[in-house]
Amino acid sequence: MRDGITRADFSRMIAGAAALIRTQHAMLSQLDCASGDGDHGTTMLRAVERLETCFGAGSPEDLTACLREAGWSVLGVDGGASSSLLGTFFGGMADAPAGGVSIGARDLAAIFEAGLAAVRKQTKAQPGDKTLMDALVPAITALRAATDSGKSIIEALRDAASAARAGAEATRNLTARYGRAKFLGEKTRGHQDPGATSMSLLFEGFSNGLEESKGESGNA
């Protein structure tokens, strides 16, 4: 099978991410209760609903246009730093060339890297600070490494999802340095960061959605 994805494939990636957030939003809010106001799951629900709308029926056929629209839409969700950074991430993806009707693995990595670059302009947080960056940075690093080594898009997204999951799980042993949680200091240890966890779920959903779109469970 030709290793490339279309705007329709990307839509399935969004759908896969939304499906996971819907099943896990209560858990995300529970995690947020340890260091925030307990509404992270609700915020993520609203965010993925907007993402689905932006990639749904009647939305632009151009991937770049969809990503830009999605970014602005998620920025409009009242959810503090989480929705702001997530909206910035998707909007930033639009800064990378979409590569035509079908994009390859390296093009996809470049799109995600553009999203990360946009986020880095909005926050000084780095991996180790117990934020969504603990999942986002490893995911995109793994995605780039996989594509540069010649892996298929499906394999690369699996690697990205695995790296994001490991990064999110590692936040249990970290002390928060940003946001409201930083004021709790050592009390944040032992609790997995909700932002990193939701980012991990998004990448797992991207991987699931693409595999469903491709109609296969093996290598592409």
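Relevant structure appears above.
All of the points below concern the structure found in this document. (Residues numbered from 1 in each chain as written. Predicted model: local features only at pLDDT ≥ 70, side-chain atom pairs only at ≥ 80, totals over all residues. Heavy atoms only, no water.)

**Description of the packing of helix α2 (residues 40-54) against helix α3 (residues 63-75)**
- Running from amino to carboxyl end, α2 crosses α3 at an angle of 150 degrees, the nearest separation of the two axes being 9 Å. Considering their axes alone, α2 and α3 lie roughly antiparallel with respect to each other. In the packing of α2 onto α3, the handedness of the crossing is right-handed. When α2 is examined against α3, the residues A47, R50, L51 and C54 are found in contact with a partner set consisting of C66, E69, A70, S73 and V74. (Axes fitted to C-alpha atoms, helices over the stretch in contact; angles between N-to-C directions. Helix = DSSP H or I, 4+ residues; strand = E, 2+ residues; numbered from the N terminus. Parallel < 35°, antiparallel > 145°, perpendicular 65-115°, else oblique. Left-handed = near helix turned anticlockwise from the far one by under 90°. Contact = heavy atoms within 4.5 Å.)

**Remarks on the nonpolar core**
- Among the nonpolar cores identified, the biggest contains 62 residues, and F10, F89, F112, L136, F203 and F206 are the most heavily contacted of them.
- Within the residue set of this core, elements represented by two or more residues are α1 (7-33), α2, α3, α4 (80-93), α5 (105-120), α6 (133-148), α7 (153-170) and α8 (194-214).
- Apart from residues lying up to four places away in sequence, F203 is in contact with F89, F112, L136, A139, I140, A160, A161 and A164. (Core = buried A, V, L, I, M, F, W, Y, C linked by side-chain atoms within 4.5 Å. Buried < 20%, exposed > 50% of the residue type's maximum accessible area, 1.4 Å probe, protein only.)

**Focus: the side chain of T171**
- Tracing the sequence through the fold places T171 in the loop between α7 and α8.
- Filtering out sequence-adjacent residues up to four positions away, T171 remains in contact with K130, D134, H191, Q192, D193 and A196.

**A few points about the environment of A135**
- Mapped onto the elements, A135 comes out in helix α6.
- Put simply, A135 and T171 are 36 residues apart on the chain and 9.0 Å apart in space, counted from C-alpha to C-alpha.
- Beyond its immediate stretch of four places on either side in the chain, A135 contacts A164, A168, A196, M199 and S200.

**Comments concerning empty space enclosed by the protein**
- Applying the stated rule across the entire model yields two cavities of 30 Å³ or more.
- Space inside the largest cavity adds up to approximately 50 Å³.
- Contributing to the lining of the largest cavity are H40, M44, S82, L86, L132, G195, S198, M199 and L202.
- No other element matches the four residues that α8 contributes to the lining of the largest cavity.
- Class assignment for the residues of the lining of the largest cavity results in five nonpolar, four polar and no charged. (1 Å grid on protein atoms, 1.4 Å probe; cavity = no way out; pocket = protein on both sides within 12 Å on 5 of 7 lines; lining within 4 Å. Points joined across faces, edges and corners; volume = space filled by probe spheres on them. Nonpolar A, V, L, I, M, F, W, Y, C, P; charged D, E, K, R; others polar.)

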